Amino acid sequence: MAESHERGERGLTPVVGIALLIALTLLLAATVTAFALGIEDDRSSDRVPTVAVDFEFDRNAGVDDGLTIVHKSGEAIAAESLLIVIDGATCTGDDPTGRYAATLWTSGSLTAGGAIDVDGDAVCSGGSDLDLSGAIVQVVWNPESGTSTLLGTWHGPA
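How each quantity is defined
Residues numbered from 1 in each chain as written. Predicted model: local features only at pLDDT ≥ 70, side-chain atom pairs only at ≥ 80, totals over all residues. Heavy atoms only, no water. Patch = residues over 30% accessible without salt bridge, like charges linked within 9 Å, V, L, I, M, F, W, Y side chains within 5 Å. Areas by Shrake-Rupley, 256 points an atom, 1.4 Å probe, with all protein chains shown as cover. Salt bridge = Lys/Arg side-chain N within 4 Å of Asp/Glu carboxyl O. Helix = DSSP H or I, 4+ residues; strand = E, 2+ residues; numbered from the N terminus. Buried < 20%, exposed > 50% of the residue type's maximum accessible area, 1.4 Å probe, protein only. Core = buried A, V, L, I, M, F, W, Y, C linked by side-chain atoms within 4.5 Å. Contact = heavy atoms within 4.5 Å. Polar contact = N/O pair within 3.5 Å; in protein donor to acceptor, adjacent residues only side chain to side chain. Pairing = 2+ DSSP bridges. Axes fitted to C-alpha atoms, helices over the stretch in contact; angles between N-to-C directions.

Residue-level account of a nonpolar patch on the surface, with values.
There is a patch of nonpolar side chains on the surface, built from Leu12, Val16 and Leu20 and spanning about 300 Å² of accessible area. With respect to the helices and strands, the residue Val16 is situated in helix H1 (residues 2–36). Among the residues examined, Val16 registers a relative accessible area of 43% and is labelled partly exposed.

Lay out the nonpolar core with the relevant residues and their values.
With 22 residues, the main nonpolar core has Ile69, Ile84, Ile86 and Leu132 as its most contacted residues. The set of elements that each furnish at least two residues to this core consists of strand E1 (51–58), strand E2 (66–74), strand E4 (82–87), strand E8 (115–118), strand E10 (136–141) and strand E11 (149–155). Not counting chain neighbours up to four residues away, the residues in contact with Leu132 comprise Phe57, Asp65, Leu67, Ile86, Ala89, Trp154, Gly156 and Pro157.

How would you explain the side chain of Thr68 if you had to name every residue and give the values?
Tracing the chain through its elements places Thr68 in strand E2. Residue Thr68 is classed as buried on the basis of its relative accessible area of 19%. For Thr68, the side chain forms a polar contact with the side chain of Asp117, separated by 2.9 Å. Among all residues touching Thr68, those that are not within four sequence positions of it are Asp54, Phe55, Glu56, Ala115, Ile116 and Asp117.

Describe in detail the environment of Pro49, supporting the description with residues and values.
As for its position among the elements, Pro49 is in the loop between H1 and E1. C-alpha separation for the pair Pro49 and Glu75, spaced 26 residues apart in sequence, amounts to 6.0 Å. What Pro49 contacts, discounting residues up to four positions off in sequence, is Glu75, Ile77, Trp141 and Leu151.

Can you lay out the sheet that holds E1 for me, pointing to particular residues and giving the numbers?
With antiparallel pairing, the 3 strands of this open sheet are ordered in space as E1-E2-E8. In the strand order of this sheet, the two ends are held by E1 and E8, each with one partner. For this sheet, the mean angle separating the axes of adjacent strands, direction not counted, is 20°. Summarising the sheet, E1 and E2 pair through 8 bridges and their orientation is antiparallel. Considered in E2, the bridge of Val51 is made with Gly74.

This is the structure in structure tokens:
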């Protein structure tokens, strides 16, 4: 009798092992299929791009201050998702509110090595000169869906 009881337990162990092996194989196959078909890529448009942004300032006395925003390295950024926000800038001859926002470009993308020039023509009306000495300039990634993310900030020399 003891021999028949041991045979029953021995038969159960291989069955459980095979069931676990099949389950593991199916899980692995599903994971490989998901990556092979690009299911992960569907959410990439909502993912915050990894970029390095730098600012180059050129102060011109009596003329527009020049600020260049340089995409140093990282992923390309779709132009329609990029927003430049300028706080605290002043324009000579205008009655400025001190806050300006401009969306640059209408198509294409900003890639590594590319640059954006922030000048008075884009910000000030009536041909006034732009003074960025007390300004804060922010580069914001602003996708159509999702949350905006600050990519870089520059503080004026004042």
